[in-house]
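Each chain is listed here by its residues.
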Amino acid sequence: MTNVTPGAPRAAARAVGQGPSTGRLVGLDLARGLAVLGMYASHVGPDPPGGGPVGWAAEMSRGRSSALFALLAGFTLVILTGRPEPRTGRAGRQAAGRVLIRSAALVALGGALTALDTSVNVILAYYGLALALALPLRRLRAARDLALVALAGALVLPQVLYPLRAAAYGGGWADTLADHDPLARLSGGEGLLDLLVTGDYPVLTWLPFIVAGMAVARLDLGRPGARARSAVCGAALAAAGYGGSWLALHLVPGALGAVSAATDGGPAAAAWWSDAAGSPGDTNPAWLLVAAPHSQTTFSILGNTGVALLVLAGCLAVVDRSAGPRRLAAPVAAVGSVSLTAYAGHIVALSALGLDDEDRSYTGAVTLWLCFTGTAVLAALLWTRVFRRGPLEYALHSVTLPARLIN
């Protein structure tokens, strides 16, 4: 959710297939743009099965777009703190200060957007806290080490989250903690327990996406075969996540029935890839077998990370080709270059227009989706012809300037 500053090393730009004169990682902007437009599809597009093929296409973006955004946030964290080598000394402390200020600003902005009370589950506050918690990992120089941390998190953290959520839903200590949560008191809404455990995007299970993005950022993506290996890794993770969930749901006795019961009769057969089954009404352990994009399970993290890696590798390949593909990708990349503004803007628009996704017909949902997408693309193209950053990107950059005072 950031732009590379004018002083960013030219080698970093070449590493993602961009000419050295532009100073922007266009491949990342293209991936960000796809993530933002995918979120539009999730938030205003039609739902399956009533939405037909378009509804199922929109369903493909649900959860996976936010996971891609989280992975790209991890990549950005490494850019901010030093790539390919982490900054040390005063420069390193200043970079860490910028990240922490940025994280606090995202938490505040997320709280403000949540207060608009739209149908969107705003993710920015979760991103902000996840970035702050991932910051110490910037000292890991090897992509392999970061990848192992991400994999360990994907395997372990969902199993930690499950009993914590069960205990939190039971009240008691959780209610006491929430009553004394300074963040909840300050914001009047989400507190640390919500952000870490009980919220829509619990940081415990979204940290692996951030760390996976950090691992990709440590790679030399300009080396022959590096992107292809990333794509192969992504395909393997997607197969392990979604394929593993499909096998588990069909081979574990009673799994489909238990998932259906936990979601009040939702279509459990689709829970290996889709949110159509809904969310569990209780803490049934069978839920750990699904890979629905928002299910917070090991299978979902592996699958969503795999898709994110495939999309990122594809975007980097596109911008590394001839001028034709780059020109075709430019409108989406423009949205990605102002991604924070584009994301926040569509939530403000939903609130201002009083739109509720549960009240729209199929035709209305498709029309709204196209209007939001077209408006964002056109506005981004016009804005980026004049300015380097979007309005919120400028604001976020400005609030981090005091980090220069750190000695």
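None of the values given here were measured: they were computed from a predicted structure.

1. Notes on the confidence of the model for the protein chain
Next, step 1: Confidence in the prediction of the protein chain, expressed as mean pLDDT, is 87, and 88% of residues score 70 or more.
Next, step 2: Ranking the elements of the protein chain by mean pLDDT puts helix α1 (residues 10-15) last with 40 and helix α11 (residues 203-217) first with 97.
Next, step 3: Throughout residues 1-24 the model reports pLDDT below 50, and contacts reaching past four residues in sequence, or to other chains, amount to 54 contacts.

2. As for the pattern of salt bridges
Next, step 1: This model, assessed by the stated rule, comprises four salt bridges.
Next, step 2: The partner of Arg32 in a salt bridge is Asp29, and the shortest N-O contact between them spans 2.9 Å. Of the two residues, Arg32 and Asp29 both sit in helix α2 (residues 26-44), three residues apart, roughly one turn of that helix. Across the pair, Asp29 and Arg32 agree in class, each one buried.
Next, step 3: The salt bridge partner of Arg141 is Glu85, with a shortest N-O separation of 2.2 Å. Taken together, the positions of Arg141 in the loop between α6 (124-134) and α7 (143-169) and Glu85 in the loop between α4 (64-81) and α5 (89-114) put the pair 56 residues apart, joining distant regions of the chain.
Next, step 4: Take Arg141: its relative accessible area is 46%, and that puts it in the partly exposed class.

3. Let's talk about the nonpolar core
Next, step 1: Tyr40, Phe75, Ile210, Leu312 and Tyr343 are the most contacted members of the largest nonpolar core, which totals 85 residues.
Next, step 2: Counting residues per element, this core draws most heavily on α4, at 12 residues.
Next, step 3: The contact partners of Leu312, leaving out residues within four places of it in the chain, are Leu28, Ala31, Leu71, Leu72, Phe75 and Val216.

Each value, and the rule that gives it
Residues numbered from 1 in each chain as written. Predicted model: local features only at pLDDT ≥ 70, side-chain atom pairs only at ≥ 80, totals over all residues. Heavy atoms only, no water. pLDDT = per-residue confidence, 0-100. Helix = DSSP H or I, 4+ residues; strand = E, 2+ residues; numbered from the N terminus. Contact = heavy atoms within 4.5 Å. Salt bridge = Lys/Arg side-chain N within 4 Å of Asp/Glu carboxyl O. Buried < 20%, exposed > 50% of the residue type's maximum accessible area, 1.4 Å probe, protein only. Core = buried A, V, L, I, M, F, W, Y, C linked by side-chain atoms within 4.5 Å.

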